[in-house]
Amino acid sequence: MHAWQLEHSIPDRGVTFPAGFRTAGACCGIKPSGRPDLAAVVADAPCDAAVVFTQNQMPGAPILVGRQHLPSGCGTLQAIIVNSGVSNVATGQAGVNDALTMCQAVAEHLHIAPRHVLPSSTGVIGVPLPMQKITPGIAAMLEQLASGAAADASGADAILTTDTRRKLAAVETTIAGKPVRFGAMCKGSGM
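Residues numbered from 1 in each chain as written. Predicted model: local features only at pLDDT ≥ 70, side-chain atom pairs only at ≥ 80, totals over all residues. Heavy atoms only, no water.

A.B. asks: Teacher, can you tell me more about the overall build of the protein here?
C.D. replies: If you tally the helices and strands in the protein, you get 4 helices and 7 strands. The order of α-helices and β-strands along the protein, N terminus first, is β-β-β-α-β-α-β-α-α-β-β. Across the 191 residues that make up the protein, the buried fraction comes to 43%. A separation threshold of at least 6 residues defines the contact pool for the protein, and within that pool the share at least 24 residues apart is 74%. Of the roughly 10,000 Å² of accessible surface on the protein, a fraction of 58% belongs to carbon and sulfur atoms. (Helix = DSSP H or I, 4+ residues; strand = E, 2+ residues; numbered from the N terminus. Buried < 20%, exposed > 50% of the residue type's maximum accessible area, 1.4 Å probe, protein only. Contact = heavy atoms within 4.5 Å. Areas by Shrake-Rupley, 256 points an atom, 1.4 Å probe, with all protein chains shown as cover.)

A.B. asks: Honestly, the nonpolar core in this entry has me stumped. Any pointers?
C.D. replies: A general trend in soluble globular proteins is that nonpolar side chains are found buried together. Core analysis: the biggest nonpolar cluster contains 28 residues, and Ile-81, Val-117, Ile-134, Ile-138, Met-141 and Leu-142 have the highest contact counts within it. Of all the secondary structure elements, the ones that give two or more residues to this core are strand S2 (21-26), strand S3 (38-50), helix H1 (61-69), strand S4 (74-86), helix H2 (92-110) and helix H3 (131-142). Top element by residues in this core is H2. It accounts for 7 residues. Ile-138 has contacts with Leu-38, Ile-81, Met-102, Ala-105 and Val-106, leaving out every residue within four places of it along the chain. Val-15, Val-82, Ile-159 and Met-185 belong to the second-largest nonpolar core, a separate cluster that totals 8 residues. (Core = buried A, V, L, I, M, F, W, Y, C linked by side-chain atoms within 4.5 Å.)

A.B. asks: Looking at this structure, I do not really get H2. What am I missing?
C.D. replies: In an α-helix, one turn spans 3.6 residues; hence positions three or four apart end up facing the same way. Between the first and last C-alpha of H2 there are 28 Å, a value that for 19 residues agrees with the 27 Å anticipated at 1.5 Å per step. Along H2, the residues that are buried comprise Gly-95, Val-96, Asp-98, Ala-99, Met-102, Cys-103, Ala-105, Val-106 and Ala-107. In the segment just after H2, His-111 is the residue with positive phi, at about 60°. (Expected span 1.5 Å × (residues − 1).)

Written out as structure tokens, the structure reads:
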């Protein structure tokens, strides 16, 4: 007998289904299409975090920064910042500096430590991030952080590149007799 059992999934909900999480998505002008291209997920308090980083021998700048912030793959996070449209891969030290700048911008706005922010980028390889658009975009987007179905959709839409639809999941279950909620968003197409 398992200590937990899936009770039911919650349609149209995502990362803010558990209490204490907010998200937002916005357009800061990275994508020529004008579609949303910047997202954040923020916890009300620092959280235990675990990540699995790619084993690729040529990881992107956000992976290098993420490995600095969570060197053992486990640690503490309070925010994730994601841009879409430009992957920040094959961008050298300038790309690492840009990922660190994104973390710093989030940290300053939220009054948290930059090491508690995980950067992520998805999109075209080998193109520098347009930081003159991203930095002010972060500040504006963080003012829109919210919880609920509309916020979940907004965050999930902002991480899309070639995806054909947003991908959200939320489940409620019981573990050791206590109610527990999980929420997620992800991206990927043709990979």
